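# Secondary and tertiary structure notes
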Amino acid sequence: MEEYKNLAGDSGVVRYEIGVDFIRVQFSNNTIYLYTYTSAGRNNIERMKKLAQDGKGLNTFINKNVRKAYARRES
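Okay, so let's go over this structure. Computed from a predicted model, the values in this text were never measured in an experiment. Positions within a chain are numbered from 1, following the residues in the order the chain's sequence is written. Local features in a predicted model are, by the rule used here, given only for residues with pLDDT of at least 70; side-chain atom pairs are given and counted only at 80 or more, and totals for whole chains, interfaces and linings are based on all residues. Side-chain metrics in this entry use all non-hydrogen atoms of the structure; hydrogen atoms and water are not considered.

### Description of the overall build of the protein chain
- A count of helical and extended segments in the protein chain gives 3 helices and 5 strands.
- Helix and strand definitions follow DSSP, with helices as H or I runs of at least four residues and strands as E runs of at least two, each counted in order from the N terminus. When the helices and strands of the protein chain are placed in sequence order, the string is β-β-β-β-α-α-α-β.
- At 11 Å, the protein chain has a C-alpha radius of gyration in line with the 11 Å of a compact globule built from 75 residues.
- C-alpha atoms of the protein chain, sized along the principal axes, occupy 30 × 25 × 20 Å.
- Relative accessibility thresholds used throughout: buried, under 20% of the residue-type maximum; exposed, over 50%; partly exposed, between the two (1.4 Å probe, protein chains only). Considering the protein chain as a whole, with its 75 residues, one finds that 39% of them fall into the buried category.
- Long-range contacts, defined as pairs at least 24 residues apart, comprise 47% of the intrachain contacts of the protein chain with a sequence gap of at least 6.
- For the protein chain, the exposed surface amounts to about 4600 Å²; the carbon and sulfur share of it is 41%. C-alpha atoms define the radius of gyration in this analysis, and the globule rule sets the expected value at 2.2 Å times the number of residues to the power 0.38. The contact definition used throughout considers only heavy atoms, calling two residues in contact when any of these lie within 4.5 Å. The Shrake-Rupley method, run with a 1.4 Å probe, gives the accessible areas here. Residue values count only the displayed protein chains as cover.

Below, the structure is given as structure tokens:
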């Protein structure tokens, strides 16, 4: 997983992994969630990928748009 840049300095996201049709997100409590096209929608996943790479806004987007739309909790 790649380290999240956290440019705003207050994110709960610490790492992420991008795949063709998914994004895995690790939060500061070490919990990892898998979000997929199927669970959260293609547009949301693509937006999350961009925010992850930009290093800003991913936690806020998740909380506002896809909080419970994960495919599975991995840890």
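### Re the pairing of strand β4 (residues 32–36)
- With 5 of 5 residues buried, β4 lies mostly within the body of the structure.
- Going residue by residue along β4, you find I32, L34 and T36 tucked away on one face and Y33 and Y35 tucked away on the opposite face as well.
- Here a strand pair is declared whenever DSSP counts at least two bridges between the two strands. Here 5 bridges tie strand β3 (residues 22–27) to β4, and the two strands are oriented antiparallel to one another. Residue Q26 lies in a different strand from β4, and its bridge partner there is I32.
- The antiparallel pairing of β3 with β4 creates a hairpin that spans 4 residues between the two strands, and N30 there sits at a positive phi of about 75°.
- Pairing geometry for β4 and strand β5 (residues 72–73), over 2 bridges, is antiparallel. Bridge assignment links L34 to a residue of β5, and that residue is R72.

### So, the sheet that holds β5
- Read across the sheet, 5 strands follow the order β1-β2-β3-β4-β5 without closing on themselves; strand pairing throughout is antiparallel. With one partner strand each, in any of the chains shown, β1 (2–3) and β5 form the two edges of the open sheet.
- Across the sheet, helix α3 (residues 58–66) lies against β2 (13–18), β3 and β4, angled at about 110° from β3, the strand it touches most. Between N-to-C directions, angles span 0 to 180 degrees; the directions come from axes that are lines fitted to C-alpha atoms, helices contributing only their stretch in contact.

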